[in-house]
Amino acid sequence: MDQMYSFVQMKLQNLATSDHASVVSMNLFVALLCACIVIGHLLEESRWMNESITALVIGVTTGVVILLISGGKSSHLLVFSEDLFFIYLLPPIIFNAGFQVKKKQFFRNFITIILFGAVGTLISWTIISFGAIQFFKNLDIGSLDIGDYLAIGTIFAATDSVCTLQVLNQDETPLLYSLVFGEGVVNDATSVVLFNAIQSFDLTHLNTSTAFHFLGNFFYLFLTSTLLGVLTGLLSAYIIKKLYFGRHSTDREVALMMLMAYLSYMLAELFYLSGILTVFFCGIVMSHYTWHNVTESSRVTTKHAFATLSFVAEIFIFLYVGMDALDIEKWQFVSDSPGTSVAVSSVLMVLVMVGRAAFVFPLSFLSNLAKKSQTEKISIQEQVVIWWSGLMRGAVSMALAYNQFTRSGHTQLRGNAIMITSTITVVLFSTVVFGLMTKPLIRILLPQPKHTTSATASDPNTPKSLTVSLLGSAQDSFDFGASDVPRPSSIRALLTTPTHTVHYYWRKFDNAVMRPMFGGRGFVPFVPGSPTERSIRE
């Protein structure tokens, strides 16, 4: 009996010690997040260092300190989990991108954005995958099957254009800004959809029918994920418009918007769809309909709440990537042959650059052929900036690499360890080196006039945040003014200006059917004595 009592007591003490260690780790991690925000703010004026690079540098520095304190046993406070990334950190980032997107600019360049983000990603994936198959055969990196090589293509086809977006000015180069940001979001979604499609297929026996089935599954995931996001956004707009929670409590409105946004992502995961696409288009629909149905205070609250959650999630990811870059468990596998790891990282970096160039310049040429106005065409300087902006790799690449080559954050095979360390090397190198060179490159290629107008003022009709790309000004919505979209008179007009023509008919349908049913600008519920009465009267 005494032995059992002492055994239970020892277990409880170990459990208490473990809980305390977790609390200590979380305290240190939160303190580091605060340090990233403060230091990022102090470096804001230089624009050489952004929050992503700052978090990476602080993460690496912290990893070195922890490595020294632990005697070389560990370099991070938390164990990375791809579930943590995909379920908790990625949704607020992608939703906020859709919620704050400047819809007029996004949909005006929608065809070009889809060309770069979807078709371009497929081209880049093909070049990286087959390039890896050819070059890695001569390197001793362990056993990788065809599924691993195709996964490597998706991992390094996922871009991260944060550094470029923070340097570009959306007022001076609206076309370039919309293309870089729009392509980045569609690229991430395409990469994840492609990655999921690869994991769901038996690629040991490839033939023509398997290839067509694979492409069919890819487009099925793409379309159904988008449709689910749109339907969830419309459902949230309909519920809030009909019940009008704001007459009693604005907190309920804000809570319902947040939960419905997260529900769209989890529904996509439940049905094995792309949560990124779903939550992105849910954000677009919510900003067009739902956001206009809530009270004025709820609009301000949701605008900043979504932006803040996205901001913290991005810093969290880069901070952890910096700390995990020195994980001793992974580097032990490659310590006996550092040349191999360097060679793999170099090959991957070259393939990334070649794969991106292989679609940016040809697709830009095709896009320019379809445009008559010289101002809408992509100049060669802008094409170089678009190419450069997609060379940086970030959190999505890390998460996909961990998903493919680790189990619960741990690696036991040499080939998997080499791929993880190579991914970390490419992410660190591309983010820091290319990120630091982004500002001088853009200054050389796109010189700005000395006297420029200030940033556009915030418009109460748009969920605008100055820190997020493609933000709306004036009446930013799906619709265009009458002067923007000439009335199409024939099939020829549809063929010559397809985007403007589609927008013309969409505006008529939106005003006649969608807004009266789901709300939106001009159809805000009116309740006497409510917080929206004053704004409606104005």
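Computed from a prediction, not measured in an experiment: that's the story for all the values here.

We now examine the overall build of the chain. Looking only at helices and strands, one finds 20 helices and zero strands in the chain. Burial status across the chain gives 53% buried among its 538 residues. Put simply, 82% of the contacts in the chain that link residues at least 6 apart link residues at least 24 apart. Counting only carbon and sulfur atoms, one obtains 67% of the accessible surface of the chain, whose full area is about 24,700 Å².

Let's shift gears to the environment of His213. On the secondary structure map, His213 appears in helix α9 (residues 208-243). Measuring from C-alpha to C-alpha, the distance between His213 and Phe201 comes to 9.4 Å, with 12 residues separating the pair along the chain.

Here we come to the state of the cysteines. Counted according to the given criterion, the structure contains zero disulfides. With no disulfide of its own, Cys34 lies 9.2 Å from the sulfur of Cys36, the closest cysteine sulfur. Overall, the relative accessible area of 44% leaves Cys34 in the partly exposed class.

Across all of its chains, the model carries 17 aromatic pairs by this definition. Ring centres 4.6 Å apart and planes at 50° place the aromatic pair Phe29 and Phe316 in the tilted group. Placement of Phe29 in helix α1 (residues 2-42) and of Phe316 in helix α12 (residues 296-324) is noted, with a sequence separation of 287 residues between them. Overall, Phe29 belongs to the buried group, its relative accessible area being 1%. Ring pairing ties together the aromatic residues Phe106, Phe107, Phe110, Phe280 and Phe281, which thus form one cluster. Across the ring face of Trp291, the terminal group of Arg299 is positioned such that the distance to the ring centre comes to 5.6 Å.

Membership of the largest hydrophobic core comes to 123 residues, with the highest contact counts inside it found for Phe85, Phe136, Ile152, Phe156, Leu319 and Met419. By residue number, the principal contributor to this core is helix α8 (residues 174-199), which donates 15 residues. In contact with Met419, not counting residues within four places along its chain, are Phe136, Leu144, Ile152, Phe156, Val344, Leu348 and Phe405.

Rules and cut-offs
- Residues numbered from 1 in each chain as written.
- Predicted model: local features only at pLDDT ≥ 70, side-chain atom pairs only at ≥ 80, totals over all residues.
- Heavy atoms only, no water.
- Helix = DSSP H or I, 4+ residues; strand = E, 2+ residues; numbered from the N terminus.
- Buried < 20%, exposed > 50% of the residue type's maximum accessible area, 1.4 Å probe, protein only.
- Contact = heavy atoms within 4.5 Å.
- Areas by Shrake-Rupley, 256 points an atom, 1.4 Å probe, with all protein chains shown as cover.
- Disulfide = S-S within 2.5 Å.
- Phe/Tyr/Trp six-rings, centres within 6.5 Å; stacked < 30°, edge-to-face > 60°.
- Lys NZ or Arg CZ within 6 Å of the ring centre and 35° of its normal.
- Core = buried A, V, L, I, M, F, W, Y, C linked by side-chain atoms within 4.5 Å.

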